[in-house]
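Chain by chain, the residues:
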Amino acid sequence: MKIEKRGFYPKGGGVVHLFSHPLGNAPLNAIQLTERGEISTIHIRSFVTAPIIAPSVAERMNKQAKHRMKQYVGKLTQKKEVTYTEEIVVCGEQTHDAVGVGTGVIIIVTTTTGCILGGSALGERRKTAETVADEASDEIIGDLSTCKGQACVDQWTQDQLIIYMALARGKSIIKCGKLTLHTKTAIHFTEKMTGAKFNVAAHELKVGSEDEEEKDKLDIDEDEEEEEEDKGEEDKGEEGESRKTDDEAVIIECVGIGWHRR
């Protein structure tokens, strides 16, 4: 994929070139994403449109995002040392690689088992660089923390994998957090279009010494958690589910149709 020109709200006008290779006579292979593993690398990429916005804004976003992620990783019990990398993209209308004015930051996390999760945020007027970085950090940390850190995909990737699971050959399984509305919609229409059937079930989380140690280190107050669960019985969320389901792992299974060109 090549980004020729970035387009910012409200003008838009971005240009992206995507190159792909056809499957040929062989279908996609099924995927198994059930083990999150430990965090291996964290890549932070900030971008700004110059000269209206100074490159120092991107530097501040990177600095704050790295600070937040280091804080989070420091509370984990993992043994793997995390590698941090940073990138700053400066673009603009004068250099013909952007339309409009904008800033943003993307945080990409990879794990020892090959999982990739991401979080992002966009800048706007009267929003500091640090606030933008905090929003992106909160998003990715939320996905990394959901269902006791066992989710293998983030909330934005869930629905995008559904069609590939249906078209692949064999049984695909992914472990994720609470299903988003986009994912539920994708499953509904993918079943109708392909004939493949999906099975969605709650997954019983493992509770062991490592989980308890991490729970203590993350300063989770048991009393507050119990109060939240009790309150959740009264305060129902989407489709009548209580808040405590947000920390429940979900397994999505599908035996694909093995589609390929004939």
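Residues numbered from 1 in each chain as written. Predicted model: local features only at pLDDT ≥ 70, side-chain atom pairs only at ≥ 80, totals over all residues. Heavy atoms only, no water.

Caption draft 1: Summary view of the sheet that holds strand S7 (residues 103–111). Taken in spatial order, the four strands make up an open sheet running S5-S4-S7-S8, and their pairing is mixed. With partners counted over all chains shown, the strands left at the sheet margins are strand S5 (83–91) and strand S8 (116–122), one partner each. Across the sheet, the mean angle separating the axes of adjacent strands is 15° when strand polarity is ignored. As paired strands, S7 and S8 are joined by seven bridges and run antiparallel to one another. Within S8, the position partnered with isoleucine 108 by the bridge is glycine 118. Of the strands in this sheet, strand S4 (39–49), S5 and S7 touch helix H1 (residues 55–74), which is tilted by about 160° from S4. Seen against the sheet, helix H2 (residues 129–149) touches S4, S7 and S8 and runs at an angle of roughly 155° to S8. (Pairing = 2+ DSSP bridges. Helix = DSSP H or I, 4+ residues; strand = E, 2+ residues; numbered from the N terminus. Axes fitted to C-alpha atoms, helices over the stretch in contact; angles between N-to-C directions. Contact = heavy atoms within 4.5 Å.)

Caption draft 2: Local environment of the confidence of the model for the protein chain. Mean pLDDT over the protein chain works out to 86, with 83% of the residues at or above the 70 mark. When the criterion is pLDDT under 50, residues 207–245 qualifies, and its contacts beyond four places in sequence or with other chains add up to 32 contacts. (pLDDT = per-residue confidence, 0-100.)

Caption draft 3: Region of interest: the sheet that holds strand S10 (residues 198–203). Spatial strand order, S3-S9-S11-S10: four strands in an open sheet with mixed pairing. Strands with a single pairing partner mark the edges of an open sheet, and in this sheet they are strand S3 (32–33) and S10. Here strand S9 (residues 169–176) pairs with strand S11 (residues 249–257) via eight bridges, running antiparallel. Residue pairing across strands places lysine 171 opposite valine 255, the latter belonging to S11.

Caption draft 4: Geometry of the packing of aromatic side chains. By the definition in use, this model includes one aromatic pair. The interplanar angle of 40° and the centroid separation of 6.0 Å between the aromatic rings of phenylalanine 8 and phenylalanine 47 together place this pair among those described as tilted. Placement of the pair is phenylalanine 8 in the loop between strand S1 (2–7) and strand S2 (15–17) and phenylalanine 47 in strand S4, with a sequence separation of 39 residues. Residues phenylalanine 8 and phenylalanine 47 agree in their burial class; the two are buried. Above the ring of phenylalanine 47, the side-chain terminus of arginine 6 is found at 5.0 Å from the ring centroid. Just above the ring of tyrosine 84 sits the side chain of lysine 70; from NZ or CZ to the centre is 5.4 Å. (Phe/Tyr/Trp six-rings, centres within 6.5 Å; stacked < 30°, edge-to-face > 60°. Buried < 20%, exposed > 50% of the residue type's maximum accessible area, 1.4 Å probe, protein only. Lys NZ or Arg CZ within 6 Å of the ring centre and 35° of its normal.)

Caption draft 5: Local environment of unusual backbone geometry. Geometrically, the link from tyrosine 9 to proline 10 is a cis peptide bond, its omega value of 5° lying close to zero. Summarising the element assignment, proline 10 is placed in the loop between S1 and S2. Residue proline 51 follows alanine 50 across a cis peptide bond; omega there is 0°. Among the secondary structure elements, proline 51 is positioned in the loop between S4 and H1. The phi dihedral of arginine 126 falls on the positive side, at around 65°, and the residue is not glycine. Position of arginine 126 among the secondary structure elements: in the loop between S8 and H2. Classification of arginine 126 as exposed rests on a relative accessible area of 84%. Here lysine 148, not a glycine, exhibits a phi torsion of approximately 55°, which is positive. Position of lysine 148 among the secondary structure elements: in helix H2. Residue class for lysine 148 comes out partly exposed when judged on its relative accessible area of 35%.

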